[in-house]
Amino acid sequence: MSPSTLNDVRARIDAAHVQSEAEALAALCAAAPLDADTRARISARAVALVLRIRAAEDPGLMEVFLAEYGLSTTEGVALMCLAEALLRVPDAETIDALIEDKIAPSAWGKHLGQSSSSLVNASTWALLLTGKVLRDEDESGLIGALHGVVKRLGEPVIRVAVASAMRELGSQFVLGRTIEEAMERAAPFEGKGYSYSYDMLGEAARTEADARRYHLGYSEAISELAKACTADAVRANPGISVKLSALHPRYEVAQRDRVMAELVPRTRSLALLAKSAGMGFNIDAEEADRLSLSLDVIEAVVSDPSLAGWDGFGVVVQAYGQRAPYVIDWLHELATRLDRRLMV
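What counts, and where the lines are drawn
- Residues numbered from 1 in each chain as written.
- Predicted model: local features only at pLDDT ≥ 70, side-chain atom pairs only at ≥ 80, totals over all residues.
- Heavy atoms only, no water.
- Phe/Tyr/Trp six-rings, centres within 6.5 Å; stacked < 30°, edge-to-face > 60°.
- Helix = DSSP H or I, 4+ residues; strand = E, 2+ residues; numbered from the N terminus.
- Buried < 20%, exposed > 50% of the residue type's maximum accessible area, 1.4 Å probe, protein only.
- Salt bridge = Lys/Arg side-chain N within 4 Å of Asp/Glu carboxyl O.
- Pairing = 2+ DSSP bridges.
- Right-handed = clockwise from strand over helix to strand, strands pointing away.
- Contact = heavy atoms within 4.5 Å.

Trainee: Can you walk me through the packing of aromatic side chains in this structure?
Mentor: For any pair of aromatic rings, the description rests on two quantities: the centre-to-centre distance and the angle between the ring planes. Applying the stated criterion across every chain yields a total of four aromatic pairs. Here Phe281 and Phe313 contribute two aromatic rings whose centre-to-centre distance is 6.0 Å and whose plane-to-plane angle is 50°, an arrangement assigned as tilted. With Phe281 in strand S3 (residues 280-283) and Phe313 in strand S4 (residues 313-315), the pair connects residues that are 32 residues apart, well separated along the chain. As far as the burial class goes, Phe281 and Phe313 line up, both buried. For the ring pair Trp310 and Phe313, a centre distance of 6.5 Å and an interplane angle of 85° mean the geometry is edge-to-face. Neither residue differs from the other here; Trp310 and Phe313 are each classed as buried.

Trainee: Sorry if this is basic, but what is going on with the pattern of salt bridges here?
Mentor: Opposite charge on two side chains allows them to pair when their charged atoms are near. On inspection of all chains with the given rule, the structure shows 14 salt bridges. For Arg213, the salt bridge is made with Asp210, and the minimal N-O distance between the two is 2.9 Å. Placement of the pair is Arg213 and Asp210 together in helix H10 (residues 208-225), with a separation of three residues, close to one helical turn. Arg213 gets classed as partly exposed once you look at its relative accessible area, which sits at 48%. For Asp210, a relative accessible area of 17% corresponds to the buried category.

Trainee: Honestly, the pairing of S3 in this entry has me stumped. Any pointers?
Mentor: Regular strands show a simple pattern: their side chains alternate between the two faces of the sheet. Neither face of S3 is left uncovered, since the one carrying Gly280 and Asn282 and the one carrying Phe281 and Ile283 both have all their residues buried. In the sheet, strand S2 (residues 239-242) pairs with S3 via four bridges, with the strands oriented parallel. Across the sheet, the residue bridging to Val242 is Ile283, located in S3. Between S2 and its parallel partner S3, the chain crosses via helix H11 (residues 256-277), and the hand of that crossover is right-handed. Sheet topology note: the S3/S4 ladder contains three bridges and is parallel. Residue pairing in the sheet places Asn282 in a bridge with Gly314 of S4. Taken together, S3, helix H12 (residues 291-302) and S4 form a β-α-β motif whose crossover is right-handed.

Trainee: What exactly am I supposed to notice about the environment of Ala285 here?
Mentor: Position of Ala285 relative to the elements: it lies in the loop between S3 and H12. Measuring from C-alpha to C-alpha, the distance between Ala285 and Ser245 comes to 9.7 Å, with 40 residues separating the pair along the chain. The contact partners of Ala285, leaving out residues within four places of it in the chain, are Lys243, Val316 and Gln318.

This is the structure:
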């Protein structure tokens, strides 16, 4: 495939950056029309899957919580935010602020006694009391002073209790605090045929020191995962997902020249390490405004002659983005030009 064709697709990606959702949806519907029978079969299969999950004899903690606190409720969203974020918040002050921000405004009282799980009902009581302690009330005099004292004295206890509960919930999202712990927890599932692409939480290099630390962390993770890469096929081995923003403190369009000069070699070195281990190496998605810059870096790295013949390079595509179909087209053209497969 000629470079001009690749550039043509890039032009369509950039042109669709400001495409409205209605336009994008209309194009998708035209590209993949579904008749009434197909839609009915899709719906029936989805319903059957949901019913099978709900009928499971041993629902996990996540399923029990979601049965009461759906993601369509303010309380459910707050719990999910806490469960994910508390695993990577660095200090007590930030934890207190996060808990207060997520718990205090929510209406926990309406969920009291509604769950079939005693654990969820007990947690609801704790969240309700926590919210009352943390909520800023318009109280004055002795009552207001006492409320302030209880709030200050209670914060360490609240922090420990909420963090402990959310850590249990967060384990549904995060396999482990270290790559070794994650691999250990994944082993039983891998025995059942599951495969994993490991990611690291909290990637966002603000300084050059951050970027070097993350680069080293990714390198060490790849080296550790290499021990489990025993299959000949890349897709049968564990893989790793890397965020470009973790490898450069100024990963932004205004710094494109610097990004191409500094970030491309860093990413290429990690890709080469993954290639030597026989594992998959995926570039994770970034903010929509960085998509074009991401594609520049991806093209430069994957086109390097040292990676020729390797089918382990992958790209995470945000399917809900208006430009997703064009990005898929671009990846297809790139893979065709390089005469190899790309994981998506």
